[in-house]
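# Architecture at a glance
One-letter residues, chain by chain:
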Amino acid sequence: MKYIFGVDLGGTTVKMGLFNESGEVLDKWEIKTVKDNNGAQILPDIAASIKAKVSEKNINKDDVIGVGIGVPGPIDDNGNIFGASNLGWGTFNVSETLSNLTGFKVKTGNDANVAALGEMWMGGGKGYKSIVMVTLGTGVGGGVIIDEKIVAGAKGAGGEIGHILVNPHETETCGCGKKGCLEQYGSATGVVRLANRRLAKDDKASSLRGKDISCKDVWDAVKAGDEVALEIAEEFGLILGNGLGVIACVVNPEAFVIGGGVSKAGEILLDYIVKNFKETTFRGCKETDFKLATLGNDAGIYGAAKLVID
Ligand SMILES: [Zn+2]
């Protein structure tokens, strides 16, 4: 049997998985992300944990194909990171550094892109070769996979779907400093923003009135048939459907895979996006499938393992 390590480096924990070639997880564990000294300890900690697992499982080093790692920052195809403020990292080659520490071949990718690769391989995008993953969470992230390869771009910033301009008239500022980004409407706080704006428009009765609402409250009200909530869902679907229609015209994926906390609303969320996507997207790109992500927080370790298998 051949082995692969898949590593998902986050700001607080490092998720790790031991896989076989067919993509089965044989073991899964986590270590803490120690960010002291500008994150100098992070890669040595990961290397030590991998080495400990190799001896714990009595794995012959020659049977390890390599280590894949997803990191929160822009990464080019050669494994160079162009700064990761979240970890205190500057610019250096992650693949080379971790390879020197472990003695294994290492492949590195941006965490969102790697998660997209994981969903294509073993999750909601299984069976497709070209997908666009859209993660609707605290922010909006994404990853573009074409012919099973991550499209990272010149400086690794490809797939930053959350910061596509969808509303040039927006007055509030996005986390990135611009105004009118997709993230301002598609994230969990974005859904609440859309809801509060709709509620402020008039006095129409709604179960959403008179409380501090969450994204889940909004989708629960949609499912209950609340008329104001249905209007909010329609607005959400219009913005997402149009935004993804723009992406479809650029990369023409077989499917969009929608994940992140907001997607816990389920199929109903896709219904609103798809309806608007079909209405507004250029006809040549209209026949795109929409799927929900299925791997949750494990998408990163799956995608990281897949990086190495390729
Ligand atoms: Zn933005």
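Preceding this paragraph is the structure being described.
Here's what I pulled together on the structure shown here. (Residues numbered from 1 in each chain as written. Predicted model: local features only at pLDDT ≥ 70, side-chain atom pairs only at ≥ 80, totals over all residues. Heavy atoms only, no water.)

With that out of the way, let us pick up the packing of aromatic side chains. Overall, the coordinates contain ten aromatic pairs when judged by the stated rule. With a centroid separation of 5.9 Å and an interplanar angle of 75°, the aromatic rings of F256 and F277 are classed as edge-to-face. Of the two residues, F256 is situated in strand β11 (residues 255–259) and F277 in helix α9 (residues 267–280); the sequence distance between them amounts to 21 residues. Just as F256 is buried, F277 falls in that class too. Sitting above the plane of the W29 ring, K53 keeps its charged end 4.3 Å from the centroid. (Phe/Tyr/Trp six-rings, centres within 6.5 Å; stacked < 30°, edge-to-face > 60°. Helix = DSSP H or I, 4+ residues; strand = E, 2+ residues; numbered from the N terminus. Buried < 20%, exposed > 50% of the residue type's maximum accessible area, 1.4 Å probe, protein only. Lys NZ or Arg CZ within 6 Å of the ring centre and 35° of its normal.)

What follows covers helix α8 (residues 227–251). With 25 residues, α8 extends 36 Å between its outermost C-alpha atoms, agreeing within 8% with the 36 Å of an ideal straight helix rising 1.5 Å per residue. Structurally, the start of α8 carries an N-cap: the backbone nitrogen of V228 is 3.1 Å from a side-chain oxygen of D226. (Expected span 1.5 Å × (residues − 1). Polar contact = N/O pair within 3.5 Å; in protein donor to acceptor, adjacent residues only side chain to side chain.)

The next point concerns the sheet that holds strand β1 (residues 3–9). Read across the open sheet, the five strands follow the order β3-β2-β1-β4-β7; overall the sheet is mixed. What marks the edges here is a single partner per strand, and that holds for β3 (25–32) and β7 (106–110). Looking at each pair of strands side by side, their axes are set apart by 15° on average, direction ignored. Inspection of the sheet shows strand β4 (residues 64–71) paired to β7 by five bridges, in the parallel sense. When the bridges of β7 are listed, G70 appears paired with G109. Together, β1, β4 and β7 form the strand contacts of helix α4 (residues 111–122), whose direction differs from that of β7 by roughly 105°. Here helix α10 (residues 299–309) sits on the sheet and contacts β1, β2 (13–20), β3, β4 and β7; the angle it forms with β1, its principal contact strand, is near 130°. (Pairing = 2+ DSSP bridges. Axes fitted to C-alpha atoms, helices over the stretch in contact; angles between N-to-C directions. Contact = heavy atoms within 4.5 Å.)

This part covers the coordination of the zinc ion. For the zinc ion, the full set of protein donor atoms is H163 (ND1), C174 (SG), C176 (SG) and C181 (SG), at a range of 2.0 to 2.3 Å. Considering all four donor atoms around the zinc ion, the spread of angles at the metal, 105 to 115°, places the coordination shape in the tetrahedral class. Written as a sequence motif, the donor residues of the zinc ion are H-x10-C-x1-C-x4-C. (Donors = N, O, S within 2.8 Å, 3.2 Å for Na, K, Ca; no water. Tetrahedral: all angles 85-135°; square planar, octahedral: opposite > 155°, others 65-115°.)

Moving on, we get to the environment of D63. With respect to the helices and strands, the residue D63 is situated in the loop between α2 (42–56) and β4. For D63, a relative accessible area of 24% puts it in the partly exposed group. Sequence separation between D63 and L98 is 35 residues; the distance between their C-alpha atoms is 18 Å. Contacts of D63, omitting those with residues within four sequence positions, involve M1, K2 and Y3.

It is at 8 Å that the axes of helix α7 (residues 215–223) and α8 come closest, and there the two elements cross at 110°. Here α8 runs roughly perpendicular to α7, going by the angle between their axes. Considering how the two elements wind past one another, α7 and α8 form a crossing that is left-handed. The segment α7 lies against α8, with V218, W219, A221 and V222 engaging A229, L230, I232, A233 and F236. Taken together, the residues of the contact of α7 with α8 sort by class into nine nonpolar, no polar and no charged. (Parallel < 35°, antiparallel > 145°, perpendicular 65-115°, else oblique. Left-handed = near helix turned anticlockwise from the far one by under 90°. Nonpolar A, V, L, I, M, F, W, Y, C, P; charged D, E, K, R; others polar.)

Turning our attention to the state of the cysteines. Following the criterion strictly, the structure yields zero disulfides and no others. Among the cysteines around C249, which has no disulfide bond, C285 carries the closest sulfur, lying 3.9 Å off. Given a relative accessible area of 42%, C249 falls into the partly exposed group. Residue classification places C285 among the buried residues on the basis of a relative accessible area of 7%. (Disulfide = S-S within 2.5 Å.)

Attention shifts here to α4. For α4, with twelve residues, the first-to-last C-alpha span of 16 Å sits near the 16 Å given by 1.5 Å per residue. Counting buried positions over the twelve residues of α4 gives nine, a clear majority of the element. All of the buried residues in α4 are N113, V114, A115, A116, L117, G118, E119, M120 and W121. A side-chain oxygen of the first residue of α4 lies 3.0 Å from the backbone nitrogen of A112; this N-cap is N110.

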